[in-house]
Amino acid sequence: MEGEATDFFAATFSIEEEDHTLANSLRFFLNKNPHVAFCGYSMPHPSEELVNLRVQTTGKVTAMQAVKAACEDVSQVCGHMRSTLQDAVHKFQAEEAARKR
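Residues numbered from 1 in each chain as written. Predicted model: local features only at pLDDT ≥ 70, side-chain atom pairs only at ≥ 80, totals over all residues. Heavy atoms only, no water.

### With respect to a negative patch on the surface
Rules: Surface patches are defined over residues having more than 30% relative accessible area and no salt bridge, joining like charges when they lie within 9 Å and nonpolar side chains (Val, Leu, Ile, Met, Phe, Trp, Tyr) when within 5 Å. Areas reported as accessible are Shrake-Rupley estimates using a 1.4 Å probe. Residue values count occlusion only from the protein chains shown. What counts as a salt bridge is simple: a side-chain nitrogen of Lys or Arg found within 4 Å of a carboxyl oxygen of Asp or Glu. Counted as positive: Lys and Arg. Counted as negative: Asp and Glu. His and the chain ends are not counted at all. For charged residues, the charge sits on one atom: NZ in Lys, CZ in Arg, CG in Asp, CD in Glu. Strands here are runs of E lasting at least two residues and helices are runs of H or I lasting at least four, both read from the DSSP assignment and numbered beginning at the N terminus. Only protein chains enter the accessibility calculation, which uses a 1.4 Å probe; a residue whose area is less than 20% of its type maximum is buried, one above 50% is exposed, and one in between is partly exposed.
Residues Glu16, Glu17, Glu18, Asp19, Glu48 and Glu49 make up a contiguous surface patch of negative charge. Tracing the chain through its elements places Glu49 in the loop between strand E2 (36-42) and strand E3 (50-57). For Glu49, a relative accessible area of 56% translates into the label exposed.

The following block contains the structure:
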């Protein structure tokens with residue numbers, strides 16, 4: 001519309017069926033991003049599985065790009081944690097099998 005400016009550098013994202021676990025992780029990685037000026041989240045009501053994530057950037061990247069990068073960071077950390085845990089479980093199982101022989 002004429003006279004209406006769209007700001008791609010500030011946005012609020014509503015994430016359904018999520019809680020503090022994901023929201024706090026995203027907030028952590030967004031705040032580590034030097035191109036993010038502000039990031040915070042709120043949950044409208046404890047019984048409602050909805051997170052409102054507010055992101056404002058410095059203008060070098062869009063809010064969507066910053067959130068996407070944070071999601072990728074969370075995914076990488078979760079993948080690393082999973083493989084580390086699996087390695088530890090396999091090592092423990094091998095040690096237990098050797099001990100029982």
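This is not the end of the story, as more comes after the structure.
### Notes on the UniProt feature "domain: DNA-directed RNA polymerase RBP11-like dimerisation" (unreviewed entry) in the protein
To keep it simple, the criterion reads: UniProt positions are given in the numbering used here, feature names are shortened, and annotations may be inferred rather than shown by experiment.
Under the UniProt annotation, "domain: DNA-directed RNA polymerase RBP11-like dimerisation" (unreviewed entry) lies at residues 10-83. Note that residues 10-83 is 46% helix and 30% strand, and that its end C-alpha atoms are spaced 35 Å apart.

### A closer look at unusual backbone geometry
Positive phi is not limited to glycine here, since Glu17 has a value of about 60 degrees. Classification of Glu17 by relative accessible area gives exposed; the value is 64%.

### Focus on the pairing of E3
Let me state the cut-off plainly: Criterion used throughout: strands pair if DSSP finds at least two bridges between them.
Inspection of the sheet shows strand E1 (residues 10-16) paired to E3 by seven bridges, in the antiparallel sense. Its bridge partner lying in E3, Ile15 is registered against Val51. By the bridge criterion, six bridges tie E2 to E3 in an arrangement that is antiparallel. Residue pairing for E3: Tyr41 is matched across the bridge by Leu53.

### Some remarks on the sheet that holds E3
Convention followed: To obtain each axis, a line is fitted to C-alpha atoms, and for helices this fit is confined to the stretch in contact; angles are then taken between N-to-C directions over 0 to 180 degrees. Two residues form a contact once any of their heavy atoms are found within 4.5 Å.
Overall, antiparallel pairing links the three strands, which are arranged E1-E3-E2 in an open sheet. Lying at the two open borders of the sheet, with one neighbouring strand each, are E1 and E2. When strand polarity is set aside, the average angle formed by the axes of neighbouring strands in this sheet is 15 degrees. Contacting E1, E2 and E3, helix H1 (residues 20-32) runs over the sheet at an angle of about 170 degrees to E2. Sheet strands in contact with helix H2 (residues 63-100) are E1, E2 and E3, and its direction is about 120 degrees off that of E3.

### Quick word on H1
Let me state the cut-off plainly: Here a helix's expected span is defined as the number of its residues, less one, multiplied by 1.5 Å. By definition, the arc is the one covered by directions from the helix axis to the C-beta atoms. As used in this structure description, the phrase polar contact means that two N or O atoms lie within 3.5 Å; if the pair is within protein, one of them must be able to donate a hydrogen and the other to accept it, and residues adjacent in sequence are counted only when both atoms belong to side chains.
The end-to-end C-alpha separation of H1 is 18 Å, in line with the 18 Å expected for 13 residues at 1.5 Å each. Considered for burial, the residues of H1 that qualify are Ala23, Leu26, Phe29 and Leu30. End-on view of H1: buried residues confined to an arc of 135 degrees, all on one side of the axis. In H1, those exposed residues whose orientation departs by more than 90 degrees from the buried face are Thr21 and Lys32. On the buried face of H1, the contacting elements are E1, E2, E3 and H2. Put simply, Asp19 is the residue that caps the front of H1, since its side-chain oxygen is 3.1 Å from the backbone nitrogen of Thr21.

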